[in-house]
Amino acid sequence: MELLCIQSQEHPELPKAELKAVMDCENIDANLCVITDGLVILKDISNDKCGQYYEILTRRLGYTHEVHEIILTSSIDVLNDDVSSVDWSKYIDETFAVRVKRFHSEIDTVATERKVGSLILENCDNIKVNLKKPKSLIRIVAFNDTVYVAIEKIKLNKKHFENSKPHKRPFFYPGSMSPKLARCMVNLSRVTEGDLVLDPFCGTGGILIEAGIIGCKVVGSDIYWKMKNGAAINLEHFGIADYRTFNLDVRELKMYEKVAAVVTDPPYGISTTTGDMDGDDIFKEFFKAIYDNMKDDAYLCMASPHYVDLKPIADEIGFEIVEQYGIKMHRSLTRIISVICKKFD
């Protein structure tokens, strides 16, 4: 079986990196095939695992917009015949809609939606078209002359990323990370449900919210009491129950339980205050503080400005940089997302 993923194109690398990380930590056994930017297919999935993988991907991914189970792969020339050969009663529940998305294809989207919808109606009894709230969505994706016909069985919760934007939370403070990027960073840390995730610069709790939503236990600390309390308010608002927050300088960090991941956005820049630390000292002291609080196989996923070279700091403390991705914020600043692990001799 095959799953088709329609991904965000707002960054050239992060959506695919996030998907690969989730496949890695969740032991998803499939071959990842990149068709083009924004379109990925997971191939060679066993029938008994497809539903489980589908649920995991839709529950976790931030930079993927849709996931669908592929029914057939066709071409523009023979699409109508192939659609007519399908037993649609196995896929459609009462009402349906057909939606077409193009990638480098000249297919007529409106005409194709109407024609495929008509062919499905002709070949299946007791179903109706419902364009507003269909129980079944048939997604047709055209890439060049190839056409993938798929069905959406589980919807991604897109509303969450809209409703959890920083300014919509009960406690707001400027400079908070977007929910999608926070979710992506949690996924890049390769945690699974039940793992303990730490954010020692938790701010308003955005990263903790995303880790909590996918089922992780979360701990946040911040040097400012106001942030520690605000993060707790936001976590409660989003129904995250398994959390702890502390008013703590990162240099005083001493976890009772070693963490499975550290995911964080340390403060930097002229608009932030960091106690008595500044410049590269923030990152060096941070690395020192978390090293012994992390499990040996734990990952650190963090954001930093492009002008800070993390490699010599990581090398000195005993970390290794595994992956890095740049996000251009504005003309003078690029944010670097780094995935880091402990070195092994």
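Throughout this document, residue positions are counted from 1 along each chain, in the order its sequence is written. Where totals are concerned, whole chains, interfaces and linings use all residues; where local detail is concerned, this predicted model gives features only for residues with pLDDT of at least 70, and gives and counts side-chain atom pairs only at 80 or more. Calculation of side-chain values draws on the structure's entire complement of heavy atoms; hydrogens and water are dropped beforehand.

## Notes on the confidence of the model for the protein chain
- For every residue, the predictor assigns a confidence score, pLDDT, that lies between 0 and 100. Model confidence for the protein chain is summarised by a mean pLDDT of 94, while 97% of its residues fall at 70 or above.
- The contact criterion used is simple: two residues touch if any of their non-hydrogen atoms lie within 4.5 Å. Across residues 269–274, confidence stays below pLDDT 50; counting only partners more than four residues off in sequence or on other chains, it has six contacts.

## Some details on helix α4 (residues 109–122)
- Per the convention used, a helix needs a DSSP run of H or I reaching at least four residues, while a strand needs a run of E reaching at least two, with both numbered from the N terminus. The span one expects for a helix is its residue count, reduced by one, times 1.5 Å. Between its first and last C-alpha atoms α4 spans 20 Å; for 14 residues at 1.5 Å apiece the expected length is 20 Å, and the two agree.
- Of all the positions in α4, only Thr 112, Val 116, Gly 117, Leu 119 and Ile 120 are classed as buried. For α4, the buried positions fall inside an angular range of 165° around the axis, keeping them on one side. Seen from the buried face of α4, the exposed residues on the opposite side, beyond 90 degrees, are Arg 114 and Glu 122.
- In this structure, the buried residues of α4 make contact with α3 (79–84), β5 (95–103) and β7 (136–143).
- For α4, the capping residue at the N-terminal end is Asp 108, with a side-chain oxygen 3.3 Å from the backbone nitrogen of Val 110. Only protein chains enter the area calculation, which uses a 1.4 Å probe; residues under 20% of their type maximum are buried, those over 50% are exposed, and those in between are partly exposed. Arc definition: directions from the helix axis to the C-beta atoms. Polar contacts, as used here, are pairs of N or O atoms within 3.5 Å; protein pairs need one atom able to donate a hydrogen and one able to accept it. Residues neighboring in sequence count only if both atoms are side-chain atoms.

## Things to note about the layout of surface pockets
- Each cavity reported here is a set of points on a 1 Å grid over the protein atoms alone in which a 1.4 Å probe fits but cannot get out, each pocket an open set with protein on both sides within 12 Å along at least five of seven lines, and each lining residue one with an atom within 4 Å of a point. Grid points are joined across faces, edges and corners, and a volume is the space filled by probe spheres set on the points. Its volume calculated, the second largest pocket comes out at about 290 Å³.
- Together, 16 residues line the second largest pocket, and Leu 137, Glu 152, Lys 155, Leu 156 and Lys 158 are the ones closest to its centre.
- Contributing elements (two or more residues each) for the lining of the second largest pocket: β4 (64–75), β5, β7 and α5 (158–163).
- Split by residue class, the lining of the second largest pocket holds five nonpolar, two polar and nine charged. Each residue gets one label: Ala, Val, Leu, Ile, Met, Phe, Trp, Tyr, Cys and Pro are nonpolar, Asp, Glu, Lys and Arg are charged, and the others, such as Gly, are polar.

## Some words on the sheet that holds strand β12 (residues 259–264)
- Judged by pairing direction, the sheet is mixed, and its seven strands sit side by side in the order β11-β10-β9-β12-β13-β15-β14 without closing on themselves. Edge strands, defined here as strands with exactly one partner in the open sheet, are β11 (243–247) and β14 (319–330). Neighbour to neighbour, the strand axes of the sheet diverge by 15° on average, direction disregarded.
- Whether two strands pair comes down to DSSP finding at least two bridges between them. With two bridges joining them, strand β9 (residues 196–199) and β12 adopt parallel strand pairing. From the neighbouring strand, Leu 198 faces β12, where its bridge partner is Val 262.
- Packed on one face of the sheet, helix α9 (residues 281–291) meets β12, β13 (294–305), β14 and β15 (333–342) and runs near 160° to β13. Simply put, an axis is a line fit to the C-alpha atoms, just over the touching stretch for a helix, and the angle between two N-to-C directions goes from 0 to 180 degrees.

## Things to note about a nonpolar patch on the surface
- To count toward a patch, a residue needs a relative accessible area above 30% and no salt bridge. Like charges then connect within 9 Å, nonpolar side chains (Val, Leu, Ile, Met, Phe, Trp, Tyr) within 5 Å. Under the convention used here, a 1.4 Å probe and the Shrake-Rupley method define accessible areas, while residue burial counts only the protein chains that appear. Salt bridges, as used here, are contacts in which a Lys or Arg side-chain nitrogen is within 4 Å of a carboxyl oxygen on Asp or Glu. Residues Leu 121, Val 129 and Leu 131 make up a contiguous nonpolar surface patch of about 260 Å² in total accessible area.
- Along the chain, Leu 121 falls in helix α4.

## Thoughts on the sheet that holds β5
- Strand order in the open sheet formed by eight strands is β2-β3-β1-β4-β8-β7-β5-β6, and the pairing between neighbours is mixed. Taken across any chain shown, the strands that pair with only one partner, and hence form the sheet edges, are β2 (31–36) and β6 (128–129).
- Along the sheet, helix α2 (residues 47–60) makes contact with β1 (3–7), β3 (39–43), β4 and β8 (146–152), crossing β4 at roughly 140°.

## Quick word on the packing of aromatic side chains
- Ring pairs are drawn from Phe, Tyr and Trp, using the six-membered ring of Trp, whenever the two centres fall within 6.5 Å, and their geometry is named by plane angle: stacked under 30 degrees, edge-to-face over 60, tilted for the rest. This model, assessed by the stated rule, comprises five aromatic pairs.
- Between Phe 201 and Phe 286, the aromatic rings sit 5.4 Å apart at their centres with planes inclined by 65°, giving edge-to-face as the arrangement. With Phe 201 in the loop between β9 and α7 (206–213) and Phe 286 in helix α9, this residue pair connects regions lying 85 residues apart in the sequence. In this structure, Phe 201 and Phe 286 share a single accessibility class: buried.
- Seen from their ring centres, Phe 287 and Phe 319 are 5.3 Å apart, and the 65° between their planes marks the pair as edge-to-face. You can see Phe 287 sitting in helix α9 and its partner Phe 319 sitting in strand β14, a full 32 residues away along the chain. A single burial state applies to Phe 287 and to Phe 319, both of which are buried.
- Through successive ring pairs, a cluster of aromatic residues spans Phe 201, Phe 286, Phe 287, Tyr 291 and Phe 319.
- Against the face of Tyr 291 rests Lys 342, its NZ or CZ located 4.4 Å from the ring centre. A ring is considered to have a charge above it if a Lys NZ or an Arg CZ atom is located within 6 Å of its centre and within 35 degrees of its normal.

## Concerning unusual backbone geometry
- Residue Asn 27 is not a glycine yet carries a positive backbone phi of 55°.
- For Asn 27, the position within the fold is in the loop between α1 (14–25) and β2.
- Phi at Asp 44 is positive, roughly 60°, even though this residue is not glycine.
- Mapping Asp 44 onto the fold places it in the loop between β3 and α2.

## So, the packing of α1 against α2
- One can describe the packing of α1 onto α2 by two numbers: an axis separation of 11 Å at closest approach and a directional angle of 130°. When the axis of α1 is compared with that of α2, the two are oblique. Handedness of the α1/α2 crossing: right-handed. Between α1 and α2, the residues in contact are Glu 18, Leu 19, Val 22 and Cys 25 and Ile 56, Leu 57 and Arg 60, respectively.
- Among the residues making up the contact of α1 with α2, the classes are represented as five nonpolar, no polar and two charged. Should an angle fall under 35 degrees it is called roughly parallel, over 145 degrees roughly antiparallel, and 65 to 115 degrees roughly perpendicular, with every other angle called oblique. Put simply, a crossing is left-handed when the front helix is turned counterclockwise from the back one by less than a right angle, and right-handed when it is turned clockwise.

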